[in-house]
Amino acid sequence: MKKLIDELKDSNNLSPDKLLLLLNNMDNENKQYLHTKADETRLHIYGDKVYMRGLIEFTNFCKNNCKYCGIRKGNRQAQRYRLSKEEIIGCCAEGYRLGYRTFVLQGGEDNFYTDERIMDIVSTIKSSFDDVAVTLSIGEKTYETYKKYFDAGADRYLLRHETNSRELYDRLHPNMSYDNRIRCLYDLKDIGYQIGAGFMVGLPGQTNEDFVKDLVFLKELQPHMVGIGPFMPQSDTPLANEKAGTADKTCILLSLIRLILPEVLLPATTALGSIDPKGREQGLKAGANVVMPNLSPIGVREKYSLYDGKICTGDEAAQCRHCIENRIKSAGYQVDMSKGDHISLQNN
Ligand code: SAM
Ligand code: FES
């Protein structure tokens, strides 16, 4: 297996058969070797910097019904909230004071936020704070809408493809279309966004064959960012009694993604930190180089309950900033508070 890992590191490519062989044969020794090679690759491209993004979860209303998601429309238990423009700007101001230069605005697909409202929020952030990047993560829209947000100043867009198995996608997303999700990613890229795709790890019925499809798809799409995290059940969803994904498998996939897309920005996600107290540190050592601490007001954090056991719901932004800095340092890396563009867009 080490030969295959070397081949992947040298060529940033591996046939689907070989990827499957690797995934099917991940004993401890191979895993360690894989993580080391992924870490070397990220050190070579980005050094030991870990980029920080301030996450603002601004609405938990959603018109979709993704079976895994705690804020799905069908969840009557969810206590719904929306942040006003002023509250969102307030979160950014606190984040800016703490040093953040990227704000990620994430929410369910909530029609209350019309194109005009989103454009107004984005352009106000861009004009209120010097040299910041705005990332949107608000689901599937038309080309025209994505273009409007971009023209208002949005720089990046996160839209996980969730799984590249069409069959699994259809099972988990009633009344949604896999083709439309993929169309969105290509539209976003075409418009000029730095785009982020990604998937969940350990979905019910998900196989190594499915992960190979995800990896092949990512290679083809060439996104600037890839967000992956373990699936975690949420008690008020149809998948409440399913098994969660693991930190171990997530870290293997993080390393494979780092080797396939050496320049990619790769978060050690909150879900990874939630499934295992040391998950984010392990993710960084496996090739991740981004973290996204929460800047949402404390009062709403619990309500953005995508899955059970989510961390950081009770910590002030300043505490999170401090906590994550310690974790990054203890894993052997350095906090970088700059905008943290993809390396191809950095001008130094
Ligand atoms: N509505 C936007 C969208 O669809 O891209 C953004 C919000 S959505 C809640 C953000 C991500 O949360 C999803 O892409 C999904 O991968 C993740 N997520 C949702 N439920 C989850 C669960 N139970 N376990 C792990 N991740 C989950
Ligand atoms: Fe809408 Fe998950 S069901 S964000």
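The protein chain is annotated in an unreviewed UniProt entry as [FeFe] hydrogenase H-cluster radical SAM maturase HydE of Vallitalea longa.

Visitor: Would you mind going over the pattern of salt bridges with me for this structure?
Guide: Working definition: two side chains of opposite charge can pair if their charged atoms are close together. Going through the model one piece at a time under the given rule, you end up with 25 salt bridges. A salt bridge links K148 to D115; the shortest N-O distance between them is 3.2 Å. In this pair, K148 sits in helix 6 (residues 143-152) while D115 sits in helix 5 (residues 115-128), placing the two residues 33 residues apart along the sequence. With relative accessibility at 18%, the residue D115 sits in the buried group. One salt bridge connects R181 with E140, and the closest N-O pair in it is separated by 2.8 Å. A residue pair is termed long-range when its members are at least 10 positions apart, and R181 in helix 8 (residues 178-191) and E140 in the loop between strand 4 (133-137) and helix 6 qualify at 41 residues. For the pair shown, R181 and E140 are each scored as buried.

Visitor: Explain the site of ligand 1 here, please?
Guide: Neighbouring ligand 1 are 18 residues, the closest being Y68, G107, R160, E162 and M232. Take G107: an N or O atom from its main chain is 2.9 Å from a nitrogen atom of ligand 1. The side chain of R181 places a nitrogen or oxygen atom 3.2 Å from an oxygen atom of ligand 1. Protein chains bury 93% of the 560 Å² of accessible surface belonging to ligand 1 in isolation.

Visitor: Would you explain the sheet that holds strand 4 in this entry?
Guide: The strands making up a sheet associate through hydrogen bonds between their backbones, and the pairing can be parallel or antiparallel. On the basis of which strands lie adjacent, the open sheet formed by 6 strands has the order 2-3-4-5-6-7 and parallel pairing. Each of the sheet's edge strands pairs with one partner strand only, and the pair in question is strand 2 (54-59) and strand 7 (225-230). Across the sheet, the mean angle separating the axes of adjacent strands is 20 degrees when strand polarity is ignored.

Visitor: Would you take a moment to explain the packing of aromatic side chains for this structure?
Guide: How two aromatic rings sit relative to each other is given by the distance of their centres and the angle of their planes. Within the structure shown, the criterion is met by 10 aromatic pairs. Taken together, a centroid distance of 5.0 Å and an interplanar angle of 85 degrees make the contact between F112 and Y113 edge-to-face. What makes Y113 buried here is its relative accessible area of 6%. The rings of Y146, F150, Y157 and Y193 are connected pair by pair, giving a single aromatic cluster. Directly above the ring of F61 sits R82, whose terminal nitrogen or CZ lies 3.8 Å from the centroid. Over the ring of Y96 we find R101, and its NZ or CZ is 3.5 Å from the ring centre.

Visitor: What is the right way to read the sheet that holds strand 9 (residues 334-336) from this model?
Guide: Taking strand neighbours across the sheet as the criterion, the 3 strands line up as 8-1-9 in an open arrangement whose pairing is parallel. In this open sheet, the two strands that pair with only one neighbour each are strand 8 (290-291) and strand 9. Here strand 1 (residues 49-52) runs beside strand 9; their pairing, made up of 3 bridges, is parallel. Residue pairing across strands places K49 opposite Q334, the latter belonging to strand 9. Contacting strand 1, strand 8 and strand 9, helix 14 (residues 317-330) crosses the sheet at an angle of about 135 degrees to strand 9.

Visitor: So what exactly am I meant to see when it comes to empty space enclosed by the protein here?
Guide: Taking a probe equal in size to a water molecule and rolling it over the atoms shows the remaining empty space. Going through the model one piece at a time under the given rule, you end up with 3 cavities of 30 Å³ or more. Secondary-structure elements contributing two or more residues to the lining of the largest cavity are strand 2, strand 3 (102-107), strand 4, strand 5 (156-158), strand 6 (194-201), strand 7, helix 11 (270-275) and strand 8. Among the elements that take part in the lining of the largest cavity, strand 7 stands out by supplying 5 residues, more than any other. A breakdown of the residues in the lining of the largest cavity according to their chemical character gives 27 nonpolar, 14 polar and 9 charged. The calculated volume of the second largest cavity comes to roughly 90 Å³. Lining the second largest cavity are 14 residues, with T270, R280, M292, P293 and N294 positioned closest to its centre.

Criteria and cut-off values
- Residues numbered from 1 in each chain as written.
- Chains lettered and ligands numbered in written order.
- Predicted model: local features only at pLDDT ≥ 70, side-chain atom pairs only at ≥ 80, totals over all residues.
- Heavy atoms only, no water.
- Salt bridge = Lys/Arg side-chain N within 4 Å of Asp/Glu carboxyl O.
- Helix = DSSP H or I, 4+ residues; strand = E, 2+ residues; numbered from the N terminus.
- Buried < 20%, exposed > 50% of the residue type's maximum accessible area, 1.4 Å probe, protein only.
- Near = heavy atom within 4 Å.
- Polar contact = N/O pair within 3.5 Å; in protein donor to acceptor, adjacent residues only side chain to side chain.
- Areas by Shrake-Rupley, 256 points an atom, 1.4 Å probe, with all protein chains shown as cover.
- Pairing = 2+ DSSP bridges.
- Axes fitted to C-alpha atoms, helices over the stretch in contact; angles between N-to-C directions.
- Phe/Tyr/Trp six-rings, centres within 6.5 Å; stacked < 30°, edge-to-face > 60°.
- Lys NZ or Arg CZ within 6 Å of the ring centre and 35° of its normal.
- Contact = heavy atoms within 4.5 Å.
- 1 Å grid on protein atoms, 1.4 Å probe; cavity = no way out; pocket = protein on both sides within 12 Å on 5 of 7 lines; lining within 4 Å.
- Points joined across faces, edges and corners; volume = space filled by probe spheres on them.
- Nonpolar A, V, L, I, M, F, W, Y, C, P; charged D, E, K, R; others polar.

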